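# Residue-level structure breakdown
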Amino acid sequence: FFLSDSYVDSTGKTVEGTSYLGATTSIYAEVGIYKGLQLIAYLPYTIAQNTFSSGRGDSALNVGGGDAVFAVQYSPPLPISFPFALKVDVKVPLYDVGGIKGFDANSFPAFGDGQVDVGFWVSAGHSLGSIPLYFFAEVGYRLRTEAFIGTGNSNSFADGFVFSAQIGYTLFKRVLLAANVGGVVAFDMSDTSLEGQVTKSYITVGPSLYIPLWRGLAAEASFDPIVYSRNSAAGMGFSFGLSYKR
C-alpha cells in the first residue's frame, strides 16, 4: 500500500492537492537454474485512486498491471570470502501511459512512466559468524529508454543511479529484523530541461520483518516512508505478504 497527498499523472507531472491510495498485489520469484545463475521475476497488479479535496470531492480510479521486472543474476566463482553477484534487469510496463483518454484524463494516476528501463547492478553481502548480524548492498545504473509500451507519450528521461541496502539481525534464532534504504537518483538534471521536469528521484528508509512459520513458509512485512523525492509523489508505503523458499 502507498499513501500520499500527491500523484503523478499520465504526462509525468506531479500533481498536489489530492488524497492518493495505491494498493498493489504482486508475485515475486527467484529461481536457480545453474550454479550461481538465477532468474528473477516481479509481476504487479495495482488499484490506484485519487480523491480530490477541492471542487466536488471527485475520485479517479485506475486499475491494471504495473511495472513488471525480469532479471538475470549471476554469482561468478571469484576467490572472495563473501557473496557477490552481477545482475541485469528489464522493466516492462503492463500498461499504456498514453491510454488514459478523455476530458479528465490527467485526474487519473499513472502506474509509472510507461517506458522500458534496463538496469545494471553489482551486489555484495556478508554476515558475522559470532553475531547474528548480516548486511548487503546493491548499486547500479538505470538506463532510461524511449521505448514505450502502447502509444506512450513524448517524454524522455535522464538515466540514474540506483541503490539498495539492508542490515539485519536475527532474533530468537529465527526472526529477522532489518533496516532498509533504497532509491534512485537521476543524473544531469536541471530544472529547465524536459528530463529535469519529469524524471523521478526518491529515497526510502524503513524497517522490515521476516517471521518463519512452517517448513519454508514465512510472513514478511515492511514500512517504507519516502524521505526524499523529486518529480515523484512523496508519501509512505507499507506491505505484508507470504513467502516460500526451498
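Residues numbered from 1 in each chain as written. Predicted model: local features only at pLDDT ≥ 70, side-chain atom pairs only at ≥ 80, totals over all residues. Heavy atoms only, no water.

### Re the overall build of the protein chain
The test is simple: Secondary structure elements follow DSSP: runs of H or I no shorter than four residues count as helices, runs of E no shorter than two count as strands, and numbering proceeds from the N terminus. Three labels apply to residues, based on accessible area from a 1.4 Å probe with only protein chains included: buried if under 20% of the type maximum, exposed if over 50%, partly exposed otherwise in between. What makes two residues a contact is simply this: any of their non-hydrogen atoms within 4.5 Å. For the purpose of charge, His is not counted, nor are the chain termini; Lys and Arg are scored as positive and Asp and Glu as negative. Charged side chains are reduced to one point each, which is NZ for Lys, CZ for Arg, CG for Asp and CD for Glu.
Looking only at helices and strands, the protein chain features one helix and 13 strands. The N-to-C order of helical and strand elements in the protein chain reads β-β-β-β-β-β-β-β-β-β-α-β-β-β. Viewed in the frame of its principal axes, the protein chain has a C-alpha envelope of about 60 × 35 × 30 Å. Looking at the protein chain residue by residue over its 246 residues, the buried ones come to 38%. A separation threshold of at least 6 residues defines the contact pool for the protein chain, and within that pool the share at least 24 residues apart is 54%. Taking the average place of the 15 positive charges on the side chains of the protein chain and the average place of its 19 negative ones, the gap between the two points comes to 13 Å.

### Digging into the packing of aromatic side chains
Any pair of aromatic rings gets described here by the distance separating the centres and the angle formed by the planes. To keep things clear, this is the line we draw: In summary, the pairing rule links any two rings of Phe, Tyr or Trp, Trp by its six-membered ring, whose centres are within 6.5 Å, and it sorts them by plane angle into stacked for under 30 degrees, edge-to-face for over 60 and tilted for everything else. Criterion for a charge above a ring: Lys NZ or Arg CZ within 6 Å of the ring centre, and within 35 degrees of the ring normal.
Counted by the stated rule, this structure contains seven aromatic pairs. Where Tyr7 meets Phe52, the ring centres are 6.1 Å apart and the plane angle is 80°; that geometry is what we call edge-to-face. Taken together, the residues Tyr7 in strand β1 (residues 2–8) and Phe52 in strand β3 (residues 37–52) connect sequence positions 45 residues apart. Summarising the burial analysis for this pair, Tyr7 and Phe52 share the class buried. Cation over ring: Lys87 sits above Trp121, and NZ or CZ is 4.9 Å from the ring centre. Its guanidinium or amino end placed over the ring of Phe157, Arg144 lies 4.6 Å from that ring's centre, counting from NZ or CZ.

### Brief notes about the confidence of the model for the protein chain
Using the following cut-off: For every residue, the predictor assigns a confidence score, pLDDT, that lies between 0 and 100.
Mean pLDDT over the protein chain works out to 90, with 96% of the residues at or above the 70 mark. Confidence, read as mean pLDDT per element, is least for helix α1 (residues 194–198) in the protein chain (74) and greatest for strand β5 (residues 67–74) (98).

### Observations concerning the pattern of salt bridges
Selection criterion: In the sections that follow, a salt bridge refers to a side-chain nitrogen of Lys or Arg positioned within 4 Å of a carboxyl oxygen of Asp or Glu.
According to the stated counting rule, one finds five salt bridges in the structure shown. The closest approach of N and O atoms between Lys87 and Glu138, which form a salt bridge, is 3.4 Å. Remark: Glu138 occurs in strand β8 (residues 133–148) and Lys87 occurs in strand β6 (residues 84–93); sequence separation between them is 51 residues. Of the two residues, Lys87 and Glu138, both sit in the buried class. Asp117 is paired through a salt bridge with Arg144; the nearest N and O atoms lie 2.8 Å apart. With Asp117 in strand β7 (residues 115–128) and Arg144 in strand β8, this pair connects stretches of sequence that are 27 residues apart.

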